[in-house]
Amino acid sequence: MSLDPRSVTVSEYPEWLRAVSTGFLMPFKESEEEIAVRLAHTDLARTQGVFDGGRCVATFRSFAQDLTVVGGATVRADAISAVTVTPTHRRRGLLSRMMAADLAAAKERGDVVASLIAAEYPIYGRYGFGPATWTTEWEIDVPRTGLDPRRPVPSQEDGGRIDLVDGAEVRKTGPELHERLAARQHGVISRDARWWERSTGVGVPEHENWTEPFYAVYRSADGQVDGLMAYRADTNWGDAKQPLNKATVTWMTAVTPAAERALWQFVCSIDWITTVRTGYRATDDLLPLLLPDPRAARIVTRADWLWLRVLDVTRALEARTYGAAGSLVLDVRDGTGLTAGRFLLEASPAGASCAPTTRSADLVLDVRELASLYLGDESAVRLVALGSVEEGRPGAAASADALFRAGRRAWCPDIF
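Residues numbered from 1 in each chain as written. Predicted model: local features only at pLDDT ≥ 70, side-chain atom pairs only at ≥ 80, totals over all residues. Heavy atoms only, no water.

1. So, the nonpolar core
Membership of the largest hydrophobic core comes to 42 residues, with the highest contact counts inside it found for L308, L317, L330, L363, L370, Y374 and F404. If near-sequence neighbours (up to four positions away) are discounted, Y374 is found in contact with V69, V75, L308, A316, L317, A319, R320 and F404. Membership of the second largest hydrophobic core comes to 26 residues, among which are I162, A247, M252 and L263. (Core = buried A, V, L, I, M, F, W, Y, C linked by side-chain atoms within 4.5 Å. Buried < 20%, exposed > 50% of the residue type's maximum accessible area, 1.4 Å probe, protein only. Contact = heavy atoms within 4.5 Å.)

Shown next, in the form of structure tokens:
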């Protein structure tokens, strides 16, 4: 029987969801109502499945996404998710065929990059993806921070204020705040209305055991919302009747350093909270240095996060700005043929032009290495040392770093 990937039909969608759960080692508990809600937010034309005797044995889905690049512009991304192959059908090329079909469609559609969050590191490099952002999570030992629990948060000098609000207020103010973040932080991806609904408990399936978090909003002195934080807390008390409670930050968005400082100090000032888990943050987050004793925040997670695959070299490189003025000839290798070619990049802090060229290459690199360099979060010099990039001209890697690197690390705050 042929095992060819194809689009999933409405009647096959429940079986497809069951296969997704199987692939991620989760029990399938979706009710008919919950399946209908998911289906309403799924483009079946971009939802692939492989069926064997009526049973779905491989899954793949993509959807439209906007990605902020260095300089604040956005490019259209083909966001890939729900990628599974049932253990009984591994090593048959099913993922390769689904990926090839999706990337070809994305290229035809005019998407500039493809994006995903990799469950396993070794899988996606062979398809031209490279890690473009990393993430870090801290655990804060609150008594060790050196923060004065008697000091008001925010400080009187700050002029802002923090209030606790409900999910309805978050759905009202959150989208605009996220857009402000996306305008200044490269690596940020778009959030639709469904993201805000699920993040505030609207339409969450009953079996997911939703617990309403606390929502803290920071308003600047002029009343503008500059920060939002969602956090949950446990109720752990020690044997000597001492509070040992932990607050876990689900997500936090702040567009000013004052908002960041105030929200972190606020969650660390809550009575009974002795530990704060920060959730996934930018690797160069201000957090540790916002504390009098930065060692109170220990790293508990550091890992690759958003992976990219360049689909249009010219449009991708022209979309972002650069740290200096200069030119670079990139010989991009791509086994699929989607993006291979030699390109002249003329870059500056104001923008860039990029076009095919016959000039000698300054750097020779695979499309996956270009993806890692694209948001400025990787070093060309380091990739040369690793043997992943080849210099056609001595010093070209250092020149590339001067162009591509940004003042802050790339950061993607979301999973999909």
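Moving on from the model shown.
2. A word on the sheet that holds strand 16 (residues 326–333)
Strand order across the open sheet formed by five strands is 18-17-16-19-20, with mixed pairing between neighbours. Every other strand in the sheet has two partners, leaving strand 18 (351–356) and strand 20 (389–391) as the edge strands with one partner each. Taking the axes of each pair of neighbouring strands and ignoring which way they run, one obtains an average angle of 25° across the sheet. As defined by bridge partners, strand 16 adjoins strand 17 (residues 341–348) across seven bridges and the pair is classed as antiparallel. Looking across to strand 17, one finds that L330 is bridged to F343. Where helix 9 (residues 367–374) meets the sheet, it contacts strand 16, strand 19 (363–366) and strand 20, and its direction lies at approximately 100° from that of strand 19. (Pairing = 2+ DSSP bridges. Helix = DSSP H or I, 4+ residues; strand = E, 2+ residues; numbered from the N terminus. Axes fitted to C-alpha atoms, helices over the stretch in contact; angles between N-to-C directions.)

3. Section: the environment of L286
Within the secondary structure, L286 sits in the loop between strand 13 (281–282) and helix 7 (287–290). Note: C-alpha distance between L286 and G128 (158 residues apart in sequence) is 32 Å.

4. Some words on the environment of G341
Note on placement: G341 falls in strand 17. By relative accessible area, which is 23% here, G341 ends up partly exposed. Among all residues touching G341, those that are not within four sequence positions of it are L330, D331 and V332.

5. With respect to the pattern of salt bridges
The tally for this structure, following the rule as stated, stands at 33 salt bridges. R198 is paired through a salt bridge with E208; the nearest N and O atoms lie 3.2 Å apart. In this pair, R198 is assigned in helix 5 (residues 193–199) and E208 in the loop between helix 5 and strand 9 (214–219), connecting sequence segments 10 residues apart. According to the relative accessible area criterion, R198 is partly exposed, its value standing at 28%. Looking at E208, the relative accessible area reads 35%, which means it is partly exposed. (Salt bridge = Lys/Arg side-chain N within 4 Å of Asp/Glu carboxyl O.)

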